[in-house]
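Reading the structure
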Amino acid sequence: MRQPQVAASRGGVLDVTLTAAPGARLAGRDTSAWAFNGTCPGPTLRVRPGDLLRARLINHIDQPTNLHTHGLHVSPQGNSDNPFVTVEPGDSFDYAIAVPTDHPTGTFWYHPHHHGTVADQIFAGLAGALLVGGGPDPDVPVTDDLVLLVTDITLDGAGRVASPNMMARMMGREGELVLVNGQHQPVITAAPGAVQRWRVINGCVSRVLALRLEGHRVTQVALDGVFLPAPADRDQVVLAPGNRADLLVRPTRSGRYALVSEPYDRGSLGMMGGMTDSGPSAGGPVTLAALAVSGAVTASAALPARLPAPSIPSDSVSRRRQITFAMGMGGMGMGGGMAFTIDGRTFDPGRDDQTVALGTTEEWTVVNTSPMDHAFHLHAWPFHVLTSAPAAGVLQDVVLVPARSSVRLRIPFTDYPGRSVYHCHVLDHEDLGMMATVNVRP
């Protein structure tokens, strides 16, 4: 398995140019897919807490674009992680993103976030890993530290990216080809006893990954770039689009073992408009990669019993809100198609949907009234999930809200003012209107 090229900060600054352009080699073939700096995924950006990330984004695709540093707890204003920036074809934009000195070390990623084209651009290949931390982590001693950025795509015979029909957009498209670091079913090599850290990023537009490693349990140490309170052994790890999981893998015997994503039913469009489909991901398991174990047994360090996880804030909750994700007929000029709404409205970048006082902590209950799962994502301000297993209380930035259910979140709006967005990270749903704004004011 190939690792993406790394661009690492020096002297407290990472200066990098990211050029979005057609032309990428995927699954061993030349394609017209889009890529950052000619590769899919793009370079892995590595910064330390307290660094300044200066990224020049150059747009050589035929759509407006921009850049979102997914999961970073940074300012959403100006030329920082600002989702309202537009970089037109042929133009460029200089980002300057200050990473706070107390930022968690962990696994994050970057991708475009221009409303209306997000799904198209990520599906076409525009994504890359973003790691906070300067090198080996004393909390998790490992032999190898690997990025596994999972994407999916559909290509025609000429290597062109296939366009989805309206049904696929409403369901949330899932590509026919599932890739890890741009490769189809790559092989990861390891020695018996060696501990590897797999930083798995679900960079798919809509696909939920239900990960299982044949013949092994894996040990999860982090979710969405933040440590769990303690290492947790898992038979399966479920990642919504946008989620990340840091997994420790310690094979004990030689052999070849498949890393698969099991079928996951995201729900359906139900009976709306006569549509009675059974939902996506209803087929068999998808093989993502293989773990090939051989050689002499390697001794490895013991894992710690506890990990430096942030605690749930004890500040009093200043306000409680309910946020409702819904689907209904007749929206978005779709010729009788389906409307994807938050609190009954589709996205309007000029409207403030939630106004929050800086320095407060709020609890939001996200209600999903629809027959499909949705993945709630809030920019800039990570949240603690209070009601969702298996990692209740853990700080994260994407949470799966199952069909006709709800989750409760505690969100500290305690440091950064500014205006940003929250949305469904099934990105076709976001582009079809399931996004809203939040304005945090002093």
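This text goes with the structure placed above it.
Residues numbered from 1 in each chain as written. Predicted model: local features only at pLDDT ≥ 70, side-chain atom pairs only at ≥ 80, totals over all residues. Heavy atoms only, no water.

Quick notes on the pattern of salt bridges
In the structure shown here, the tally under the stated rule is 25 salt bridges. For R54, the salt bridge is made with D15, and the minimal N-O distance between the two is 2.8 Å. Pair noted here: R54 is in strand β5 (residues 52–59) and D15 is in strand β2 (residues 13–26), with a separation of 39 residues, a long-range link. Residue R54 is classed as partly exposed on the basis of its relative accessible area of 36%. The exposed category is assigned to D15, whose relative accessible area is 52%. In this structure, D145 engages R199 in a salt bridge whose closest nitrogen and oxygen atoms are separated by 2.7 Å. (Salt bridge = Lys/Arg side-chain N within 4 Å of Asp/Glu carboxyl O. Helix = DSSP H or I, 4+ residues; strand = E, 2+ residues; numbered from the N terminus. Buried < 20%, exposed > 50% of the residue type's maximum accessible area, 1.4 Å probe, protein only.)

Examining the pairing of strand β12 (residues 187–190)
Here β12 shows a clear split, with I188 and A190 buried on one side and none of V187 and T189 buried on the other. Two elements, β12 and strand β20 (residues 286–293), share 4 bridges in a ladder whose sense is parallel. Looking at β20, one finds that T189 is bridged to A292. (Pairing = 2+ DSSP bridges.)

Details of the side chain of R321
For R321, the position within the fold is in strand β21 (residues 317–329). Residue R321 is classed as buried on the basis of its relative accessible area of 8%. Dropping the residues within four chain positions of it, R321 is found in contact with Q354, T355, V356, E362, E363, W364 and T365. (Contact = heavy atoms within 4.5 Å.)

Quick word on the sheet that holds strand β29 (residues 405–413)
If you walk across this open sheet you meet the 6 strands as β22-β21-β24-β29-β26-β27, and the pairing is mixed. Two strands in the sheet have a free side with no partner beyond their single neighbour: β22 (338–342) and β27 (395–396). Alignment of strand β26 (residues 383–385) against β27, held across 2 bridges, turns out to be antiparallel. Among the inter-strand pairings, F383 is bridged to a residue of β27, identified as Q396.

What to know about the sheet that holds strand β3 (residues 29–36)
Read across the open sheet, the 4 strands follow the order β3-β2-β5-β7; overall the sheet is mixed. Strand pairing shows two members of the sheet lacking a second neighbour, β3 and β7 (92–98), which therefore form its edges. Each strand axis lies, on average, 25° off the axis of its neighbour in the sheet, ignoring direction. The sheet contact formed by β5 and β7 spans 7 bridges and is antiparallel. Its bridge partner being in β7, L53 is matched across the sheet by I97. (Axes fitted to C-alpha atoms, helices over the stretch in contact; angles between N-to-C directions.)

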